[in-house]
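Single-letter residue listing:
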Amino acid sequence: DNRPMTETSIICTVDVVLLTLEQGALKVALVRRERAPFARALALPGGYVHAQEDVDAEASAARVLRDKAGLENSPYLEQLATFSGAVRDPRGWSIAVAYCALVPAEVLAPAAGRLQLVPVDTLPPLPFDHRQIIDAAVQRVRGKSQYSSLPVHLCAEPFTLPQLQAVYEAVLGEPLNKVSFRRKVDELAMLEPVPGALQTGGAHRPAQLYRVRPPYRRSLSLSARGL
């Protein structure tokens, strides 16, 4: 092809699928867009890559979470995929590097006025290809939750083993056998008991409280065996 090449500006952004658990349901945090296109529509937190400020795309995603969700300390953050093309954004050819972040609901409380938590199974109409991005993130999280410690990032510490099992069940959308679950948690070696800390009250005997061991707090641990 000997046709002369012409330069075209490419829109480069990051979008973050910020997932949490609320009332036993897996939810995604959405914000209302301030500008066109799709002004006032609910959308994923996102924004342009700041080439002079961000050292890489992950730094852009962390900045978006800080500015739009009030998260000063970065949560668990994993690059999901790249979404690109000429038709996904009415402004022109665009590329979006999508990330998935997991946080306990309590962490999002200060940003309640800026964020709207929506169940991932009952999403409203969304602009761009944000529905596709969310679906990809949920599929990733549910898949990895079969064999990894990923759901612990949705737990506020400390927690009991029944509470952690409830988190796994909410993410996976199915009940888990108690004995099998605890055996797999032991195999993952991701928890440590909080010395002298027990949850008391109610009809049951006091339950040991746990926290995530430091090496697992923001990194994904993998096991060859599923839960």
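Starting afresh in each chain, residues are numbered from 1 along the sequence in its written order. Only residues with pLDDT of at least 70 are given local features in this predicted model, and only at 80 or more are side-chain atom pairs given and counted; all residues enter the totals for whole chains, interfaces and linings. Excluded from the side-chain calculation are hydrogens and water; included are all heavy atoms of the structure.

A. Spotlight on the nonpolar core. In this description, a nonpolar core means a group of buried Ala, Val, Leu, Ile, Met, Phe, Trp, Tyr and Cys residues linked to one another through side-chain atoms lying within 4.5 Å. Using a 1.4 Å probe on the protein chains alone, a residue whose accessible area is under 20% of its type maximum counts as buried, one over 50% counts as exposed, and one in between counts as partly exposed. Formed by 44 residues in total, the largest nonpolar core has its most connected members in Leu 19, Val 28, Ile 134, Leu 164, Met 190 and Leu 191. In this text, helices come from DSSP runs of H or I with a minimum length of four residues, and strands from runs of E with a minimum of two, each type numbered from the N-terminal end. For this core, the secondary-structure elements that each account for two or more residues are strand S1 (11-22), strand S2 (25-32), strand S5 (76-85), strand S6 (94-102), helix H3 (130-144), helix H4 (161-172), helix H5 (178-188) and strand S9 (207-212). In terms of residues, this core owes the most to one element, H4, which gives seven residues. Should any heavy atoms of two residues lie within 4.5 Å, those residues are considered in contact. In this structure Val 28 touches Val 17, Leu 18, Leu 19, Leu 44, Gln 116, Leu 117, Val 118, Val 120, Leu 123 and Ile 134, once residues within four positions along its chain are discounted. Membership of the second largest hydrophobic core comes to 18 residues, among which are Val 64, Leu 71, Val 97 and Ala 101.

B. Broad picture of H5. For H5, the set of buried residues is Phe 181, Lys 184, Val 185 and Leu 188. Viewed along the axis of H5, the buried residues span an arc of 105°, placing them on a single side of the element. Turned more than 90 degrees off the buried face of H5, the exposed positions are Val 179 and Asp 186. Residues of H5 that are buried make contact with H4 and strand S8 (191-199). Summarising the geometry, the arc corresponds to the directions from the helix axis toward the C-beta atoms.

C. Layout of the packing of H4 against H5. Put simply, H4 and H5 touch, their axes get as near as 11 Å, and they point 100° apart. Taken together, H4 and H5 sit at an angle that is classed as roughly perpendicular. On H5, the residues that touch Leu 161, Pro 162, Leu 164, Gln 165 and Tyr 168 of H4 are Lys 178, Phe 181, Arg 182, Val 185 and Leu 188. When grouped by side-chain class, the residues that make up the contact of H4 with H5 number seven nonpolar, one polar and two charged. Each axis is a line fitted through C-alpha atoms, taken for helices only over the stretch in contact, and angles between the N-to-C directions span 0 to 180 degrees. Angle categories: roughly parallel below 35 degrees, roughly antiparallel above 145, roughly perpendicular from 65 to 115, and oblique for all the rest. Each residue gets one of three labels, nonpolar for Ala, Val, Leu, Ile, Met, Phe, Trp, Tyr, Cys and Pro, charged for Asp, Glu, Lys and Arg, and polar for the others, Gly among them.

D. Quick peek at the confidence of the model for the chain. Each residue carries a pLDDT value, the predictor's own confidence for that position, ranging from 0 to 100. Summing up the model confidence of the chain, the mean pLDDT is 88 and the portion of residues at 70 or higher is 90%. For the stretch residues 1-6, pLDDT sits under 50, and the model shows zero contacts to residues farther than four places along the chain or on other chains. Below a pLDDT of 50 lies the segment residues 219-227, which in the model reaches 30 contacts outside its immediate sequence neighbourhood of four places, other chains included.

E. Broad picture of H3. A helix is expected to reach a length of 1.5 Å times the quantity of its residues less one. Between the first and last C-alpha of H3 there are 21 Å, a value that for 15 residues agrees with the 21 Å anticipated at 1.5 Å per step. All of the buried residues along H3 are His 130, Ile 133, Ile 134, Ala 137, Val 138, Val 141 and Lys 144. Burial along H3 is one-sided: seen end-on, the buried residues are contained in an arc of 140°. On its buried side, H3 packs onto S1, S2, strand S3 (42-43), S5, S6 and H4.

F. Examining the packing of aromatic side chains more closely. Ring pairs are drawn from Phe, Tyr and Trp, using the six-membered ring of Trp, whenever the two centres fall within 6.5 Å, and their geometry is named by plane angle: stacked under 30 degrees, edge-to-face over 60, tilted for the rest. Summed over all chains, the structure comprises two aromatic pairs. Relative to Phe 128, the ring of Phe 38 lies with its centre 4.9 Å away and its plane at 80°, an arrangement referred to as edge-to-face. Of this pair, Phe 38 sits in the loop between S2 and S3 while Phe 128 sits in the loop between strand S7 (116-119) and H3, and the two are 90 residues apart along the sequence. Looking at Phe 38, the relative accessible area reads 38%, which means it is partly exposed. With centroids separated by 5.2 Å and ring planes inclined at 70°, the aromatic side chains of Tyr 168 and Phe 181 adopt a geometry described as edge-to-face. With Tyr 168 in helix H4 and Phe 181 in helix H5, the pair connects residues that are 13 residues apart, well separated along the chain. According to the relative accessible area criterion, Phe 181 is buried, its value standing at 2%.

G. Examining the pairing of S6 more closely. Here S6 lies mainly inside the structure; eight of its nine residues are buried. At least two bridges found by DSSP between two strands are what make those strands a pair. Sheet topology places S5 next to S6; nine bridges connect them, and they run antiparallel. When the bridges of S6 are listed, Tyr 76 appears paired with Leu 102.

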